[in-house]
Amino acid sequence: MIYDRIDLISEMLDATLNLKCFYTKGIDDDLSFIKELMLPIFIDNKKEKDKFRDMLFHMMEEHVYILDNLILGNYIVICLNKKEESYLFIGPYLSENKYEDLLNYTDEYNISNDDIEFIHRYYNTLPFINRSKVTSIISVIKNNIYDKDTDLKFIYKRKFKKNDSIDLNNNRITTDLLDYKYVEDSIRLDKRLIHAVSSGSKVNSLKILDKILDLYFIEGEVYNIRIYQNKLIYYNTLLLDMLKGKDVSNIYATSLFKRYMKRIESARFSKDIKDIFYDMVADYCFAISEFNIKHHSALVGKVINYINSNLQENLSVNEIANQFYVSPTYLSRVFKKETGFSVIEYINKLKIKHATFLLRDTSLPIQDIGRIIGINDVNYFSRLFKRYMNQTPTQYRKIFN
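The rules we used
The residue count restarts for each chain, going from 1 along the sequence in the order it is written. Restriction of local features to residues with pLDDT of at least 70 applies here, the model being predicted, together with a cutoff of 80 or more for giving and counting side-chain atom pairs; totals for whole chains, interfaces and linings are based on all residues. Side-chain figures throughout are based on the complete set of non-hydrogen atoms in the structure, without hydrogens or water. Secondary structure elements follow DSSP: runs of H or I of four or more residues count as helices, runs of E of two or more count as strands, with numbering from the N terminus. Residue burial is assigned from relative accessible area. The probe radius is 1.4 Å, only protein chains are included, and a residue is buried under 20% of its type maximum, exposed over 50%, and partly exposed in between. Contacts: residue pairs with any heavy atoms within 4.5 Å of one another. To be clear on the numbers: accessible area is Shrake-Rupley with a 1.4 Å probe, and residue cover counts the displayed protein chains and nothing else. Each residue carries a pLDDT score, the predictor's own confidence in it, on a scale running from 0 to 100. Here, axes are lines fitted to C-alpha atoms. For helices the fit covers the stretch in contact, and angles between N-to-C directions go from 0 to 180 degrees. When describing relative orientation, an angle under 35 degrees is termed roughly parallel and one over 145 degrees roughly antiparallel, while 65 to 115 degrees is termed roughly perpendicular and anything else oblique. Note on residue categories: nonpolar means Ala, Val, Leu, Ile, Met, Phe, Trp, Tyr, Cys or Pro, charged means Asp, Glu, Lys or Arg, and polar means any other residue, Gly included. Paired strands, as defined in this entry, are two strands with at least two bridges between them according to DSSP. Whenever a carboxyl oxygen of Asp or Glu lies within 4 Å of a side-chain nitrogen of Lys or Arg, that contact is scored as a salt bridge.

### Regarding the overall build of the protein chain
- Within the protein chain one finds 17 helices and 5 strands.
- Expressed as a percentage of its 401 residues, the buried residues of the protein chain come to 49%.
- Contacts spanning at least 24 positions in sequence make up 66% of the contacts within the protein chain whose residues lie at least 6 apart.
- As displayed, the protein chain has an accessible area near 20,700 Å², and 50% of this comes from carbon and sulfur atoms.

### Some thoughts on the confidence of the model for the protein chain
- Across the protein chain, the average pLDDT comes to 77, with 77% of residues at or above 70.
- Here helix H2 (residues 40-43) stands out as the element of the protein chain with the lowest mean pLDDT, 58, in contrast to helix H12 (residues 317-323), whose mean of 93 is the highest.
- Below a pLDDT of 50 lies the segment residues 159-179, which in the model reaches 35 contacts outside its immediate sequence neighbourhood of four places, other chains included.
- Here residues 218-223 is a poorly scored stretch, pLDDT under 50, and it has 28 contacts once near neighbours within four places are set aside; other chains count.

### Considering the packing of helix H11 (residues 298-309) against helix H13 (residues 328-339)
- Where H11 meets H13, the axes come as close as 10 Å, and the angle between the chain directions of the two elements is 90 degrees. Taken together, the axes of H11 and H13 are roughly perpendicular relative to one another. Together, Leu 299, Val 300, Val 303, Ile 304 and Ile 307 of H11 and Tyr 330, Leu 331, Val 334, Phe 335, Glu 338 and Thr 339 of H13 make up the contact between the two elements.
- Tallied by class, residues from the contact of H11 with H13 come to 9 nonpolar, 1 polar and 1 charged.

### A few points about the pairing of strand S3 (residues 73-81)
- Here S3 lies mainly inside the structure; 8 of its 9 residues are buried.
- Judged from the 6 bridges that link them, S3 and strand S4 (residues 86-93) form a sheet pairing that is antiparallel. Within the sheet, the bridge partner assigned to Asn 81 lies in S4 and is Ser 86.
- Where S3 folds back onto S4 in an antiparallel hairpin, the turn is made up of 4 residues, including Glu 85, whose phi is positive at roughly 55 degrees.

### A closer look at the pattern of salt bridges
- Applying the stated rule across the entire model yields 5 salt bridges.
- Residue Asp 283 pairs with Lys 353 through a salt bridge whose shortest N-O separation is 3.0 Å. Remark: Lys 353 occurs in helix H14 (residues 343-361) and Asp 283 occurs in helix H10 (residues 270-291); sequence separation between them is 70 residues. Judged on exposure class, the residue Asp 283 and its partner Lys 353 are both buried.

So this is what it looks like as C-alpha cells:
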C-alpha cells in the first residue's frame, strides 16, 4: 500500500514541479541506485560514494533530511525503514535561483572545463524549489505515508563536501563547520528586519522575514523544536527593544512581548514556528503604525497609555477627560486631529485587536473574551467585531483552528 502512495506522490511531483521522487530498498556495496541521484561525473568517485553511504547508514526513521547546497544538487531524503534500508529520495533540485555558489567546490574533484560546461547544463535542467515548496512537499509526504500524529524530526545539512562529516547526534557547531557567510547573512537580515518593522511597513517586513526563514531552513543543525523556539525568543526580544525605543506604550509593548513568549513556549511543530513568526512580525508592525506615541502631544500620548492600561474597562470620553483634567470636547478634538480616530473608535479598534489575539491563541468562550476586553454584551461584541473584521468572532476563530 505504501508503494502505491509513493507512486502517487512521485507522479504528482513530476507533473507539478518537474521533480523526481523514487524509493529504494537495500544499500549494496556499489550503491547502484546512486545513478538515479548523481551526475555521472561523481558516480565513479569512491570518496563521494563512501560519504553518501555513511550518511545513509546514520539516518533515522521518522526523520526528514534536507541536503542543501550539495554540488550534485539538493535533496529531501527520508529513512522509511532502517532495518530494511529503505529510503525515499526527492530531488535533485536547486534551492536558489542561481547555482554559481555550488560551482565553488568543483576544484575539489579535478573536473575538466568540458565537465564544468556539462554541470552548467545539468543545473539549468533542475527545478527551483523554494522553502515554502519544500515545506508543502514534506507535508504531502507526511499526510500520505505517516499517521497524522507522527511528529517528524528534521536534519538540515549544508555543503556536504570532502572531509566534512557530522555526528548526527551532536548539536555542537565546531569552528570547522562554521559558515561565516551564513553568520553575516543572519546579522544583515536581522538589522533589515528591525529597520523594516520600526518603520511600520508590514509588506517590507514580511519580505525580509521570508528570507530569514529561507536562511534558517537550510541551517546545518539537528532539528528540534527548542532550537527554533530559542530563535523566536531572540527575535521577540529584539522587537521589544525596538518597540520601547519608539516610545510605544510600555504597557502595550510588554503585553505583546509576553503574549508571544507564551505562544513560543507552547509551539510543538515547525508549522507553529512559522505561523508565530509571521504573526509576531505583523503585530509588532501594527504596534509601530498604530500605537507609537512619540509623535503625539504629551496629552494624547498619556491618553493612549491610559487606554492601553485600562482596556478591560468600559471606557468613555468623559471618564478619560476627567483623568487628565481637560474637557471632553477638547480631548475629542485634539485626539482626532493627532490620531485620525475619535477616542471611542480608537478604543474599539484596540479592543478588537486584543480580541483577535485571544481568539487565535486561546480556547476561551466568545463571551469571556468580550468580558476581558470590557464588552459584557456578547451580541454587541459580535456586531462590533464584524464591523471591524468583516466576520464574526466564531468565523475568525475557525480560520486559525
